[in-house]
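Structural features, examined
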Amino acid sequence: MDLAAGVIANGVLMGAVYGLIAFGLTIIFGVMRVVNFAHGEMVVIGMYVGYLLWAAFDGPPLAAVLPAAALLFAIGYLLQFHLVQHFLARPAHVQFILFIALALVITGAHLVVFGPNPRGIFSFASFEVYEVAGLRLDAVRTQAAAAALLIVVLLWVFLRASRLGRAIRAAADNRTGAAVVGIRIRHVYAVTAGIGMACAGAAGALVAPLFDTQPFLAPEFTLIAFITVILGGIGSLPGALLGGLLIGVAEAAAALVLPPSMKSVVSYGLLILVMLARPQGIIGSPEGAR
Amino acid sequence: MRQGAVLIAALAAVLACGPLVLDGYLLSLLALAFAFAFFGSAWSLMMGFAGILSLGHGLYVGIGGYTVAVGLVTFGLSPWLGLPLAGLLCAAAGAAIAWTGFRFAVRGVYFALLTLAAAELARILFEHWPLVGGTGGFFLPALGAGNVPLLSLRGGPDFFYLAFLVLMTAGLLVTLAIRHSRMGYRLMAIREDEDAARASGVPVLRMRIAVAALSGAMTGIGGGMFGLMNGSLFPGSIMGVAASIEVMIAPIVGGLGTVFGPAVGALFVMPVHELSEHLAQEAGVFGLNTLIYGLLVLVVVVFLPAGLAPSVARLLRGRR
Amino acid sequence: MIRISRRAALAGAGAALAAPATIRAQSAPVKVGVILPTSGVLAVPGQASRRGIDLAARMLAEAGGPRLEIHHADTASRSENGRVAAERLIREGCTVLIGAWDSGTTISAAQAAEAARVPLMVNIASAPQVTEQGFSMVFRNFTPANQLITNAVERIRELGQIVGEMPRTAVLLHVNDTFGTAIAQAVAALWTRLGIPIQIVETLSYAVTARDLSAEVARAKATNAELLMPVTRVNDAILIVREMVRQDYVPKAIIGPGSPGPYEKAFTDAVGRFGDEYMVCVPWHNPRNPRTPAVLQRFAREYPNERFELNVGFSFEAVEIVADAVRRAGSGDPAAIHAALRTTDIADHIMYGGPIRFDEKGQNPNIGGVMLQNQGQEPKVVGPSAIAEARAIYPLTPFRNRR
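Treat the numbers as computed from the prediction; the structure is a model and nothing was measured. (Residues numbered from 1 in each chain as written. Chains lettered and ligands numbered in written order. Predicted model: local features only at pLDDT ≥ 70, side-chain atom pairs only at ≥ 80, totals over all residues. Heavy atoms only, no water.)

**Let's talk about the overall build of chain B**
Threshold: Think of it this way: any DSSP run of H or I at least four residues long counts as a helix, any run of E at least two long counts as a strand, and we number them from the N terminus. To sort residues, take the accessible area from a 1.4 Å probe on protein chains only and compare it with the maximum for the residue type: under 20% means buried, over 50% means exposed, and anything in between is partly exposed. Whether two residues touch is decided by their heavy atoms; if any such pair falls within 4.5 Å, the residues are in contact. Counted charges follow a simple rule, with Lys and Arg positive, Asp and Glu negative, and His plus the chain ends left uncounted. Just so you know, the charge point we use is NZ for Lys, CZ for Arg, CG for Asp and CD for Glu.
Tallying secondary structure elements over chain B gives 16 helices and two strands in all. Dimensions of chain B, computed from the C-alpha atoms along their principal axes, are close to 60 × 55 × 40 Å. The 320 residues of chain B split such that 59% are buried. Sequence separation of 24 or more characterises 78% of the internal contacts of chain B that already satisfy a separation of 6 or more. Looking at charge distribution, chain B has the averaged site of its 16 positive side-chain charges lying 16 Å from that of its 12 negative ones.

**Here we look at the overall build of chain C**
Spelled out, the test is: Between the two quantities, the radius of gyration covers C-alpha atoms and the globule rule is 2.2 Å times the number of residues to the power 0.38. Working definition of accessibility: Shrake-Rupley area with a 1.4 Å probe, residue cover restricted to the visible protein chains.
Regarding its fold elements, chain C presents 12 helices and 12 strands. Relative to the 2.2 N^0.38 estimate, which gives 22 Å for 403 residues, the radius of gyration of chain C is 22 Å and therefore close to what a compact globule would have. Referenced to the eigenvectors of the C-alpha coordinate spread, the extents of chain C come out at roughly 85 × 40 × 40 Å. Relative to its 403 residues, chain C shows a buried fraction of 63%. Taken as a whole, chain C presents about 14100 Å² of accessible surface, with 52% of it coming from carbon and sulfur.

**Observations concerning helix 3 (residues 61-82) of chain A**
How we decide: Multiplying one less than the number of residues by 1.5 Å gives the expected span of a helix.
Between its first and last C-alpha atoms helix 3 of chain A spans 31 Å; for 22 residues at 1.5 Å apiece the expected length is 32 Å, and the two agree. Here the buried face of helix 3 of chain A lies against helix 1 (2-32), helix 2 (39-57), helix 4 (92-114) and helix 8 (185-207) of chain A.

**Describing the packing of aromatic side chains**
We apply this condition: Two aromatic rings, drawn from Phe, Tyr or Trp (for Trp, its six-membered ring), form a pair once their centres lie within 6.5 Å of each other, and the interplanar angle then sorts them: stacked below 30 degrees, edge-to-face above 60, tilted otherwise.
For the coordinates displayed, the defined rule picks out 26 aromatic pairs over all chains. The interplanar angle of 70° and the centroid separation of 5.3 Å between the aromatic rings of B:Phe159 and B:Phe160 together place this pair among those described as edge-to-face. Grouping residues by exposure puts B:Phe159 and B:Phe160 together as buried. Ring geometry for C:Phe142 versus C:Phe314: centroids 5.1 Å apart, planes at 85°, classification edge-to-face. Within this pair, whereas C:Phe142 is found in the loop between strand 5 (138-140) and helix 5 (145-163), its partner C:Phe314 is found in helix 11 (residues 310-329), the two being separated by 172 residues in sequence. A relative accessible area of 1% means that C:Phe314 is categorised as buried.

**Some thoughts on the interface of chain C and chain A**
Applied cut-off: Accessible surface is computed with a 1.4 Å probe, and the buried area is the amount of it that two parts give up when combined, taken over both parts together. Put simply, a salt bridge is a Lys or Arg side-chain nitrogen that is within 4 Å of an Asp or Glu carboxyl oxygen.
The interface is formed by 39 residues belonging to chain C together with 35 residues belonging to chain A. Roughly 3200 Å² of surface becomes buried between chain C and chain A when both sides are summed, with 58% attributable to carbon and sulfur atoms. A per-residue breakdown of the area chain C buries against chain A is headed by C:Arg211, C:Arg219 and C:Arg246, which together make up 24% of the total. Linking chain C with chain A are five salt bridges. The shortest N-O distance in the salt bridge between A:Asp138 and C:Arg246 comes to 3.6 Å. Sorting the residues of the side of chain C that touches chain A by element identifies helix 2 (43-62), strand 7 (199-206), helix 7 (214-222), helix 8 (234-246) and helix 9 (265-271) of chain C as the ones contributing at least two each.

**Observations concerning the side chain of B:Glu120**
Counting through the fold element by element, B:Glu120 comes out in helix 6 (residues 108-127). Residues within four places of B:Glu120 in sequence aside, it is in contact with A:Leu223, A:Tyr268, B:Gly240 and B:Val241.

**A look at the pairing of strand 11 (residues 370-375) of chain C**
All names here are of chain C. Here is the rule we go by: When DSSP locates at least two bridges between a pair of strands, those strands are taken to pair.
By the criterion of burial, strand 11 is predominantly enclosed, with six of the six residues buried. With burial as the criterion, each face of strand 11 is covered, one bearing Val-370, Leu-372 and Asn-374 and the other bearing Met-371, Gln-373 and Gln-375. Two elements, strand 10 (residues 278-282) and strand 11, share four bridges in a ladder whose sense is antiparallel. Pairing of Cys-281 across the sheet is with Met-371, part of strand 11.

**What about the domain arrangement of chain C?**
Residue and element names in this part refer to chain C. The following threshold applies: Each domain span listed reflects an automatic or database assignment of domains. Here a polar contact is recorded for every N or O atom pair within 3.5 Å, except that within protein the pair must consist of a potential hydrogen donor and a potential acceptor, and residues adjacent in sequence are included only if both atoms are side-chain atoms.
Domain annotation of chain C identifies domain 1 (2-142 + 287-342) and domain 2 (146-282 + 370-401). A separation of 32 Å is found between the C-alpha centroids of domain 1 and domain 2. Contact between domain 1 and domain 2 buries roughly 1200 Å² in total, counting both sides, with carbon and sulfur atoms accounting for 59%. Put simply, domain 1 and domain 2 have one salt bridge between them. Residue Glu-378 pairs with Arg-307 through a salt bridge whose shortest N-O separation is 3.6 Å. For the interface between domain 1 and domain 2, the tally reads six residue pairs in polar contact (both at pLDDT 80 or more).

**Focus: the nonpolar core**
How we decide: To define a nonpolar core, start from buried Ala, Val, Leu, Ile, Met, Phe, Trp, Tyr and Cys residues and group those joined through side-chain atoms within 4.5 Å.
Within the largest apolar cluster, 214 residues are counted, with the highest numbers of intra-cluster contacts made by A:Phe23 and B:Phe164. If you tally residues by element for this core, the top one is helix 3 (residues 24-49) of chain B, at 18 residues. Leave out the neighbours within four places in its chain, and A:Phe23 touches A:Ala148, A:Ile151, A:Val152, A:Cys199, A:Leu237, A:Ala240 and A:Leu241.

**Considerations on the interface of chain B and chain A**
Size of an interface: often given as the accessible area lost when the parts come together. Rule in force here: All amino acids are sorted into three groups, where Ala, Val, Leu, Ile, Met, Phe, Trp, Tyr, Cys and Pro are nonpolar, Asp, Glu, Lys and Arg are charged, and the leftover types, Gly among them, are polar.
Taken residue by residue, the interface counts 39 residues in chain B and 37 residues in chain A. Here chain B meets chain A over a buried area of about 3500 Å², counting both sides, of which 85% is carbon and sulfur. Taken together, chain B and chain A are joined by zero salt bridges. Counting every contact that joins chain B to chain A gives two residue pairs in polar contact (both at pLDDT 80 or more). Elements with a contribution of two residues or more to the side of chain B that touches chain A: helix 6, helix 13 (241-254) and helix 15 (288-303) of chain B. Residue contributions to the side of chain B that touches chain A peak at 11 residues, all from helix 6 of chain B. For the side of chain B that touches chain A, a count of residues per class yields 33 nonpolar, five polar and one charged.

**Thoughts on helix 7 of chain C**
Residue and element names in this part refer to chain C. A large share of helix 7 lies buried, amounting to seven of its nine residues. Every buried residue of helix 7 is accounted for by Ser-214, Ala-215, Glu-216, Val-217, Ala-218, Arg-219 and Ala-220. After helix 7 finishes, the residue Asn-224 shows a positive phi value of roughly 60°.

**Let's talk about the confidence of the model for chain B**
For the record, the criterion: Each residue carries a pLDDT score, the predictor's own confidence in it, on a scale running from 0 to 100.
Taken residue by residue, chain B gives an average pLDDT of 92. The fraction at 70 or more is 99%. When pLDDT is averaged over each helix and strand of chain B, the minimum, 83, is found for helix 16 (residues 308-319) of chain B and the maximum, 97, for helix 4 (residues 58-75) of chain B.

**Quick notes on the pattern of salt bridges**
Applying the stated criterion to the full structure yields 43 salt bridges over all chains. The shortest N-O distance in the salt bridge between B:Arg123 and B:Glu127 comes to 2.9 Å. Here the residue B:Arg123 and the residue B:Glu127 both occupy positions in helix 6, the gap between them amounting to four residues, near one helical turn. B:Glu127 shares its class with B:Arg123; the two are buried. B:Glu246 is the partner of C:Arg78 in a salt bridge, and the nearest nitrogen-oxygen pair spans 3.8 Å. A residue pair is termed interchain when its members come from two chains, as with C:Arg78 in the loop between strand 2 (68-74) and helix 3 (81-91) and B:Glu246 in helix 13. In this pair, the class of C:Arg78 matches that of B:Glu246, namely buried.

**Some points on the side chain of B:Glu127**
By relative accessible area, B:Glu127 is classed as buried at 14%. Residues contacting B:Glu127, with those up to four places away along its chain left out, are B:Gly134, B:Thr135, B:Pro235, B:Gly236 and C:Asn176.

**Description of the packing of helix 5 (residues 79-103) of chain B against helix 6 of chain B**
Axis angle and axis distance: for two packed helices, these are the angle between their axes and the distance between the axes, and together they describe the pair. Residue and element names in this part refer to chain B. Inclusion rule: Angles shown run from 0 to 180 degrees and are taken between the N-to-C directions of axes, each axis being a line fitted to C-alpha atoms and, for helices, limited to the stretch in contact. Any angle between 65 and 115 degrees counts as roughly perpendicular, while under 35 counts as roughly parallel, over 145 as roughly antiparallel, and the rest as oblique. For a crossing to be left-handed, the near helix must be turned anticlockwise from the far one by less than a right angle; the clockwise case is right-handed.
Look at helix 5 against helix 6: their axes get within 11 Å of each other, and the N-to-C directions meet at 140°. Taken together, the axes of helix 5 and helix 6 lie oblique to each other. Both helix 5 and helix 6 take part in a crossing whose hand is right-handed. Where helix 5 abuts helix 6, its residues Ile-97, Ala-98 and Gly-101 lie against Phe-111, Leu-114, Thr-115 and Ala-118. Its residues placed into classes, the contact of helix 5 with helix 6 shows five nonpolar, two polar and no charged.

Here it is as structure tokens:
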């Protein structure tokens, strides 16, 4: 069926976008077990960077990725090193409120500086479609999906091959052991946070043409990111991508048969199912749970 | 414990004089503060004693609110019956979630997200349920001239001030009672080391279900009253993530594991909301209130790790 | 015996003649409390409403109207704050309130207004229940959903006559929030009863927070209905149009039967010429009213980056209604203002419709609806013909021809 095929195909693309949004969270959650409920706000910062660069220079969204990532890396590093570091030993609910407060500050700042109006990026590029095998795939989502794949590969290579990457993985596996062998945990954590938030920023820049930037998009992104991460397996980048794809396709299918306003039921249902039946997520290993 | 009970009773007695000296605005503001103090006490039972984080307490506010409102308008059920019914339904919901978590060994952050998912699922279902009006909202009729507040459990600002004062006091007393009871010690044992507690013979599953049911029931009753105060209910605002977060802020800022924490927190948070809105109006900058509020909560969380209540207690003790 | 000096008598007579609009006995300004969501998720329409209030207050003061002192309260888009805001404003001495845009907040504020016997002038709120729950202090100068649909059907019928053709089938695509649901319910109740020969083949609802509407638009397209009737907010209107372009979905027309979104500046900025020819039936300002151009120009001067749309217009008009009531009441006493509001009868006003009057429930039954169509990325009134600024374009120009 033409309708179903098109909708599912788009669901796949959206799923890749969800995965992209979730990368930063899975890294931070996976390495430091920090419940960052301000994740969505980081994505929105990236979106504003994307919008501002377009408004100033009329460039394509891809051009905003590096500046957004760089800015968010700096924010993530500094935030982790100077603030969040002191909260790592504190209980989850305190971390939670810390990030909620940060989220309020960021949202308030956006509202004060940019106002509440949605900032749409108007470019003919955002209406382009690729016609592939009888399906219409829209260009912006396809580019974002491709970027998601690229980022997964790049980060995976970085974490496996580079010294810093190995240090991060060591710190994630066994913090005490890592400290014992001389890894500067505080610095490594800060870099991890920086990378995580850089991913969020890059995701924001890439989705700015898709979702019109405004201060209140954040909570939805945070929720989607958490669901994606748990479905896919905490700490796993391919897992985040798969989790995103699962949600994207499931919601698309749901929107075909249910009243579309109910389609989130499947995401939450999947989340509950996974948490009950396979808490480590699709990719995670059983010891990786909790 | 007797000292605590006396303190609570004294506090309640002093506050009960409110309607004699305060105007409608302060009464309404404090009514809201007392409401969130009560929600906070309820939420704190799970978190403070048993160490169980719930991110979905909006579920109970919503179920409670709708039970009482729909009971009243659609079924003619007096809120005097609606409120206990709300408590029962929410106790059942809380117990069900706790049992599910326990049965499938869902702990910590995962359990927290489970509660969030349950609340969101319920919200979406309520949004599509004609009986409660869906997203169109559920509305209570205006109060007529012959309204008797003690019968209808609705009235002016003085009524809701006193009603929520009663609830807040009850919440404080329940917290105090549990603190010094066997249930309280068992819950704290579970929080510290669940396996050791089980080994010592603590019935872990029963305790978790009990505290979740109690916490849910209290929140539900508060939710019922909250709906009566607002006059209308919408799933997104009464049981959404924002509502769940709002329930949590006061007790965490006030200080967990203390009896007065939620009350201190709520009495801090509400005026801060008003103050930041006032500052934003004066400055003529929209959104400044969100920024200021966030900053103040951030400051408290960062610099007062144990919350406000211990610092307030120290201040008061230092004065003597 | 009271001796009145000639000078005093002349001065008194002169004052009475020269300024019939000012209150003779008034010395202190009347405090008007305004409750709006100027921060939080409803900030877009909340801030737009605020602009209308502030503009009206300034223009009123310059025209020598009754002295009003506006006090503002921001509810941060949380409905429980409506009551507290109302109480605070009443404590500050406000004897009449305006607000609160969001139906939940309005009801919450109404509780306080009712208890304090202070009239509440509702500028915007579309839930029918606002004037159905028995509040005696509430007056609403905005159309509830049923009235919106009745007006919309009239406009669509007219459009059919002008262009000589009527779509035979329609699909209703609405956002699942308070307003969208109210409209969908009103359509379900009234559409066939109003006898319009357009068959609604399907009704689809989508969540407020949905960021991806491709499946929803695809389903709407698959119905092959000739008319798409979206009820949206501004964000989703943008998303829907983008999807329609991508999926090359070109119905004969897009007509929102009462919907925010397409007339907003954020929409026309975001989708440009792809948003043209999108129609919506809404209460709007009457372009033919002699006062309208001056108001629009003044707004454009003071808020050059914003648009004068219905949130602005109805908030503007709320202040004018309150001013009129205060003038006739001759005092700032809430009971007097309430009595004056009851007998409101304003024939000359800038929002389109019959004379402003309030029925026994406090609802103004005479508010009209216009048909707007985006042309050149600006909303233009294309119906009714008596006040039209432009001619409706029908059918829809395919998107691929608009590049």
